[in-house]
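Read off the chains here:
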Amino acid sequence: LAMLSVVAVFVPSFFMTGVSRSLFVPLSLAVGCAMIASFLLSSSLVPVLGVWMLGRSQGHTAEDGSDWVDRLRARLGKLLERVAPMRLALVAGYLVAALGLVAVLAPMLGREIFPPSGTSLFQLRFRAPAGTKFEATEQLGRAVLDEISAAAGPGNVAITLGYVGVQPSSYPINTIFLWTGGSHEGVLQVSLRPGAGLRLEPFQESLRQRFHEKFPAATFSFEPGDIVSRIMNFGAQTPVEVAVMGPDFAATRLFAAKVREELAKVPSLRDLQYGQALDYPAIQVNVNRQMAGQLGVTVDDVGRSYAAATSSSRFVAPNYWADPRTGIAFQVQVQVPQPRMQTLEDLRVIPVRGDGDATPLLGDLARIDNATIVGEYDRVNGQRMVTLTASISGEDFGR
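Computed from a prediction, not measured in an experiment: that's the story for all the values here.

Conventions we followed
Residues numbered from 1 in each chain as written. Predicted model: local features only at pLDDT ≥ 70, side-chain atom pairs only at ≥ 80, totals over all residues. Heavy atoms only, no water. 1 Å grid on protein atoms, 1.4 Å probe; cavity = no way out; pocket = protein on both sides within 12 Å on 5 of 7 lines; lining within 4 Å. Points joined across faces, edges and corners; volume = space filled by probe spheres on them. Helix = DSSP H or I, 4+ residues; strand = E, 2+ residues; numbered from the N terminus. Nonpolar A, V, L, I, M, F, W, Y, C, P; charged D, E, K, R; others polar. Phe/Tyr/Trp six-rings, centres within 6.5 Å; stacked < 30°, edge-to-face > 60°. Buried < 20%, exposed > 50% of the residue type's maximum accessible area, 1.4 Å probe, protein only. Axes fitted to C-alpha atoms, helices over the stretch in contact; angles between N-to-C directions. Parallel < 35°, antiparallel > 145°, perpendicular 65-115°, else oblique. Left-handed = near helix turned anticlockwise from the far one by under 90°. Contact = heavy atoms within 4.5 Å. Polar contact = N/O pair within 3.5 Å; in protein donor to acceptor, adjacent residues only side chain to side chain. Patch = residues over 30% accessible without salt bridge, like charges linked within 9 Å, V, L, I, M, F, W, Y side chains within 5 Å. Areas by Shrake-Rupley, 256 points an atom, 1.4 Å probe, with all protein chains shown as cover. Salt bridge = Lys/Arg side-chain N within 4 Å of Asp/Glu carboxyl O. Lys, Arg positive; Asp, Glu negative; His and termini not counted. Charge placed at Lys NZ, Arg CZ, Asp CG, Glu CD. Pairing = 2+ DSSP bridges. Core = buried A, V, L, I, M, F, W, Y, C linked by side-chain atoms within 4.5 Å. Expected span 1.5 Å × (residues − 1).

**Student:** Would you take a moment to explain the layout of surface pockets for this structure?
**Tutor:** Summary: where empty space remains is shown by rolling a probe the size of a single water molecule over the atoms. Looking at the largest pocket, its volume works out to about 1400 Å³. Surrounding the largest pocket, 35 residues form its lining, K133, S183, T310, S311 and Q338 being those nearest its centre. Top contributing element to the lining of the largest pocket by residue count: strand β7 (residues 280–287), with four residues. Here the residues of the lining of the largest pocket sort into 17 nonpolar, 15 polar and three charged.

Shown next as structure tokens:
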């Protein structure tokens, strides 16, 4: 009955869902199986061992001192006879000692659901200035890996895995869990050799200093690499994530800036930054609709010409050609080579073909200027939000 009462406490955990189920069901199974095993052993093995260990003293009395159990019982009895008259003082001393230990140890104990796992895995997210091309970001990622290897020492980095930029639209695998926001962003997963003798938190602190000196224009964020810490983040990239949201995105940005100023005052926070690129470089094209209409050109025609020049026609005019010999279909797309599109003047001379005979240039129909836009919109229940992410160093999560 006692065993079943203890095991019954863990039954509700099997009705949990989500992260709670992943955390508590294994714990419930471990404790429940241990209780059942202890009950079976106490009913079978323990009596046999008791008979085997105590059976040698059969026929002897407690007075001859041959049974160690009887000797222990006698000593315990004498001790209790001496302590019993001082029971009030003993209880008072116990309470004083217990409360004193609590007062001394409570400020030293951390307050968090799970302590750091002590693994040698971590994930590093690095961001070059917004708008950086993929090739430059890749070079930055290689330089960051070299710095990590140099800081860890020869042979102390077991394995690394990296991803730079965002997956193209033709990529057949959903990599949404990378959460990279553009060609300027990359993710590195690093596993240190277990016998390297490197403590993860001091090692990351040294890397922050090296990165600040070597790559002043880039930003870095250390994220957990083990599965337990990732689950405890509840989908966030870092242990600390503050989301600011509201119906007016401009006001949301202002409130997020105020929150960032306050978070920057917390000394134990590291890698404080916005989760989204809020000022991504862009090109603004304002079409003169009156002039375009006089030349027989629509805004759709302008968009198609612009897309083919800066990206590819596959996004606006899908075209497939079937090989008559093999029957395999190939996608045919028009794209101006990227090296030929370097300046705004290159965009202004793009021809735009409409329904009429005229083929005006884009610069004749539209005003083209440099601008900045929000590089990524994240939403919760349809409302756009701005997130602030940060890591913790030298302090527990509760404080």
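Next comes the rest of the write-up.
**Student:** Please clarify how the packing of aromatic side chains should be interpreted in this entry.
**Tutor:** Each aromatic ring pair is specified by the distance between its two centres and by the angle formed by the two planes. Evaluation of the coordinates by the stated rule reveals eight aromatic pairs. Ring geometry for F211 and F215: centres 6.1 Å apart, planes at 50 degrees, overall tilted. There is no split in this pair, since F211 and F215 are both buried. Summarising the aromatic geometry, the rings of F215 and F220 are spaced 6.1 Å apart at their centres and angled 50 degrees between planes, so their arrangement reads as tilted.

**Student:** Can you help me understand the packing of helix α6 (residues 134–152) against helix α7 (residues 200–214) in this one?
**Tutor:** Two packed helices can be described by the angle between their axes and the distance between those axes. Direction vectors running N to C along α6 and α7 enclose 135 degrees, while the axes themselves pass 10 Å from each other. Our classification of the angle between α6 and α7 gives oblique. Viewed along their axes, α6 and α7 form a crossing whose handedness is right-handed. Contacts between α6 and α7 involve V144, E147, I148, A150, A151 and A152 from the first element and F203, L207, R210, F211 and K214 from the second. Of the residues belonging to the contact of α6 with α7, the class tally is eight nonpolar, no polar and three charged.

**Student:** What is the right way to read the environment of N156 from this model?
**Tutor:** Mapped onto the secondary structure, N156 falls in the loop between α6 and β2 (157–164). Judged by its relative accessible area of 10%, N156 falls in the buried class. Within polar-contact distance, the side chain of N156 engages the backbone oxygen of A152 at 2.5 Å.

**Student:** Would you mind showing me how to read a positive patch on the surface here?
**Tutor:** A contiguous patch of positive charge, built from R71, R75, K78 and R82, is present on the exposed surface. Note on placement: R71 falls in helix α4 (residues 68–83). R71 gets classed as partly exposed once you look at its relative accessible area, which sits at 36%.

**Student:** Explanation requested: the sheet that holds strand β1 (residues 121–127) in the structure shown.
**Tutor:** Pairing between the strands of a sheet comes from backbone hydrogen bonds, and it takes one of two forms, parallel or antiparallel. Read from one edge to the other, the open sheet built from four strands follows the order β2-β3-β1-β4, with strand pairing classed as antiparallel. Of all the strands in the sheet, just β2 and β4 (219–224) have a single pairing partner and so form its edges. Here the strands of the sheet are splayed against their neighbours by 20 degrees on average, with no regard to which way each runs. Sheet analysis places β1 next to strand β3 (residues 185–192), joined by seven bridges and oriented antiparallel. Across the sheet, R127 pairs through a bridge with E185, a residue of β3. Contacts from α7 reach β1, β3 and β4, with the element oriented near 20 degrees to β1.

**Student:** Would you mind showing me how to read a nonpolar patch on the surface here?
**Tutor:** A contiguous nonpolar surface patch, about 910 Å² in accessible area, is contributed by L41, L45, V46, L49, W52, M53, L54, W68 and L72. Elements with a contribution of two residues or more to the nonpolar patch: α3 (45–54) and α4. With six residues, the single largest contributor to the nonpolar patch is α3. With respect to the helices and strands, L72 occurs in helix α4.

**Student:** How should I be thinking about the side chain of D271 in this particular structure?
**Tutor:** Tracing the chain through its elements places D271 in strand β6 (residues 269–274). For D271, the side chain forms a polar contact with the side chain of R208, separated by 3.0 Å. Polar side-chain contacts of D271 include one of 3.1 Å to the backbone nitrogen of F222. Leave out the neighbours within four places in its chain, and D271 touches R208, F220, S221, F222, T389, A390 and S391.

**Student:** Explain unusual backbone geometry here, please?
**Tutor:** With glycine set apart, most residues show a phi of negative sign, and most peptide bonds adopt trans. A positive phi angle is found at D271, which is not glycine, with a value near 55 degrees. For D271, a relative accessible area of 14% gives the class buried. Even without a glycine there, the phi angle at N381 is positive, about 55 degrees. Examined against the element boundaries, N381 turns out to sit in the loop between β11 (378–380) and β12 (383–392).

**Student:** Honestly, the packing of helix α2 (residues 18–43) against α3 in this entry has me stumped. Any pointers?
**Tutor:** Packing of α2 against α3 leaves a shortest axis separation of 3 Å and a crossing angle of 40 degrees. Looking at the two axes, α2 sits oblique to α3. Facing α2, whose interface residues are L40, L41, S42 and S43, α3 presents L45, V46 and P47. A class-by-class count of the residues in the contact of α2 with α3 yields five nonpolar, two polar and no charged.

**Student:** I'm lost on the nonpolar core in this one. Help?
**Tutor:** For soluble globular proteins, nonpolar side chains are generally found buried alongside one another. The biggest cluster of nonpolar side chains holds 18 residues, and the ones touching the most others in it are F122, L124, V144, I148, F211 and F220. Among the elements that line this core, the one with the most residues is α6, at four residues. Ranked by size, the runner-up nonpolar core spans twelve residues in total, among them A292, V302, L362 and A366.

**Student:** When you look at helix α11 (residues 299–310) in this model, what are you seeing that I'm missing?
**Tutor:** Since one α-helical turn is 3.6 residues long, residues separated by three or four positions face the same way. The terminal C-alpha atoms of α11, which comprises twelve residues, lie 16 Å apart, in line with the 16 Å expected from a rise of 1.5 Å per residue. Taken residue by residue, α11 has D301, V302, S305, A307, A308 and A309 as its buried positions. Packing partners of the buried residues in α11 comprise β7 and α13 (362–365).

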